[in-house]
Amino acid sequence: MIGMALAVHFGAGKIGRGFIANLLHQTGYHVVFADVVQETIDKLKKEQQYTLFLIDHNYDEQLIDDVDAYSTINEADKVVDAIQEAEVVTTSVMATNLDKVAPLIAKGLKRRVGSHKPKITVMACENAMMGTNILVKAMLATGEITTDELNEVGVYPNTAVDRVVFDGHHHGKDGIEIGDAYELAIEKNKLADTNTQPIKNAEYVENLEMYLQRKIYMINCGHAISAYLGQANGYKTVQEVLKDPQLLEQVKTAMMESAGALEKKYGFEHTTLVTYMNKMFVKRMTTPGLSDPVERVGREPIRKLAANDRIIGPALQCEAYKLANDHLLHGAAYGFHFQNPDDQQAVEIQTSIEQNGIKETVAKYTQQPVDSRIVAVISDNYEQISKG
């Protein structure tokens, strides 16, 4: 640890240890975890290391050492002290919990005011649009620190993150299973020095929005359509769907319709997006041991069928660019068929269809005019699916 740069990471769960802290360790940091789960904290504090199992390499072991851990409940002062000395602070606590970690991070940053230390890099590595902005807003809401003070002591790049991790037990020990495929894109223009890389093996990008949208319009899109197709065809998991050659082809074609819009809007290369689909979706979603129930993946269909979300969003972009979107709209039609009595949004859609008919329902939840082509195609597809 002597002479090592310090990184503080909030969240010692599977993503925290298997993804973000793994990259921090590769960069050469001494990683201090901050978490609420005392059992996890005690284990990390005692052993000062943990094991990763590499799924794509016959579960070979990778040791992550030079780590420590503090409880955000019982050792808050130590967490604040660590932030005061750190070069990087990261989170993987879920976006809904950023307001819970914001007070401690704000206190640690406040300690740096007037110290003339180099600016610290603070990044929320969450599955959310502009998660670091959410964290900054939450820190300001605490009243612990002002905007001027935040800007004096640190920089706050947003990120796009994606990795599948599992609990694992191999070679007689517990650890975390990780695949080779991951994405960590970081806003380059928000770094203190755009020539530096605070985390190695990340991608530093000028326009983060295009990478966030690529993930939503391709990965999240393919995931949701797989679930909706899967339930209608009697499959229980997304993985079963992707083993069905016909359904896999339907999903991939829908994703490549999204890709066409991304190419037009952002200038992505076609071959790059094909590789992205195969690596980050097809290969990753068929990782041995992964099991995504279609009811879980398809949940909250109102949100997932909204105009700016993963299926209708790219379909509308295709429409604007006069590109094919038939498979996206076909997938959306299956979304309107999605049934789950325990899912309030699914129940609401089915009730609307019964009371108002499919066209009015599609128009309402996609926020499109009832006489639009998109509403007509989805409704026609829905009727065809209903006939079997």
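Conventions used here
- Residues numbered from 1 in each chain as written.
- Predicted model: local features only at pLDDT ≥ 70, side-chain atom pairs only at ≥ 80, totals over all residues.
- Heavy atoms only, no water.
- UniProt positions renumbered as here; feature names shortened; annotations may be inferred.
- Helix = DSSP H or I, 4+ residues; strand = E, 2+ residues; numbered from the N terminus.
- Domains from an automatic or database assignment.
- Contact = heavy atoms within 4.5 Å.
- Buried area = accessible area lost by both parts, 1.4 Å probe.
- Salt bridge = Lys/Arg side-chain N within 4 Å of Asp/Glu carboxyl O.
- Polar contact = N/O pair within 3.5 Å; in protein donor to acceptor, adjacent residues only side chain to side chain.
- Buried < 20%, exposed > 50% of the residue type's maximum accessible area, 1.4 Å probe, protein only.
- Arc of directions from axis to C-beta.
- Axes fitted to C-alpha atoms, helices over the stretch in contact; angles between N-to-C directions.
- Parallel < 35°, antiparallel > 145°, perpendicular 65-115°, else oblique.
- Left-handed = near helix turned anticlockwise from the far one by under 90°.
- Nonpolar A, V, L, I, M, F, W, Y, C, P; charged D, E, K, R; others polar.

### Focus on the UniProt feature "domain: Mannitol dehydrogenase C-terminal" (unreviewed entry) in the protein
The UniProt record annotates "domain: Mannitol dehydrogenase C-terminal" (unreviewed entry) at residues 207-384. Secondary structure across residues 207-384 comprises 74% helix and 0% strand; the distance between its end C-alpha atoms is 41 Å.

### What to know about the domain arrangement of the protein
Under the domain assignment used here, the protein contains domain 1 (6-206) and domain 2 (209-386). A separation of 32 Å is found between the C-alpha centroids of domain 1 and domain 2. The interface of domain 1 with domain 2 comprises 20 residues on the first partner and 15 residues on the second. For the pairing of domain 1 and domain 2, the buried interface totals around 1400 Å² over both sides, and the portion due to carbon and sulfur atoms is 65%. The interface formed by domain 1 and domain 2 includes 3 salt bridges. For the interface between domain 1 and domain 2, the tally reads 5 residue pairs in polar contact (both at pLDDT 80 or more). Broken down by element, the side of domain 1 that touches domain 2 gets its largest block of residues, 7 residues, from strand S9 (residues 159-170).

### Here we look at the UniProt feature "domain: Mannitol dehydrogenase N-terminal" (unreviewed entry) in the protein
As annotated in UniProt, the feature "domain: Mannitol dehydrogenase N-terminal" (unreviewed entry) corresponds to residues 7-195 in the numbering used here. Summarising residues 7-195: 34% helix, 33% strand, and an end-to-end C-alpha distance of 19 Å.

### Comments concerning helix H5 (residues 131-141)
Those residues of H5 not exposed but buried are Gly131, Thr132, Leu135, Val136, Ala138 and Met139. In a view along the axis of H5, the buried residues occupy a sector of 165°, so they form one face of it. Those residues of H5 that are exposed and aimed more than 90 degrees away from the buried face are Lys137 and Ala141. On its buried face, H5 is in contact with strand S6 (88-91), helix H4 (98-110), strand S7 (120-124), helix H6 (147-153) and S9. Directly after H5, the chain includes Gly143, whose backbone phi takes a positive value near 80°.

### Concerning the packing of helix H3 (residues 76-85) against H4
The interhelical angle for the contact between H3 and H4, taken along N-to-C directions, is 50°, at an axis separation of 8 Å. Relative to H4, H3 is oriented oblique. Seen from above, H3 lies across H4 with right-handed handedness. Contact residues: H3 offers Ala76, Val79, Val80, Ile83 and Gln84, while H4 offers Leu104, Ile105, Lys107, Gly108 and Leu109. A per-class count over the contact of H3 with H4 returns 7 nonpolar, 2 polar and 1 charged.

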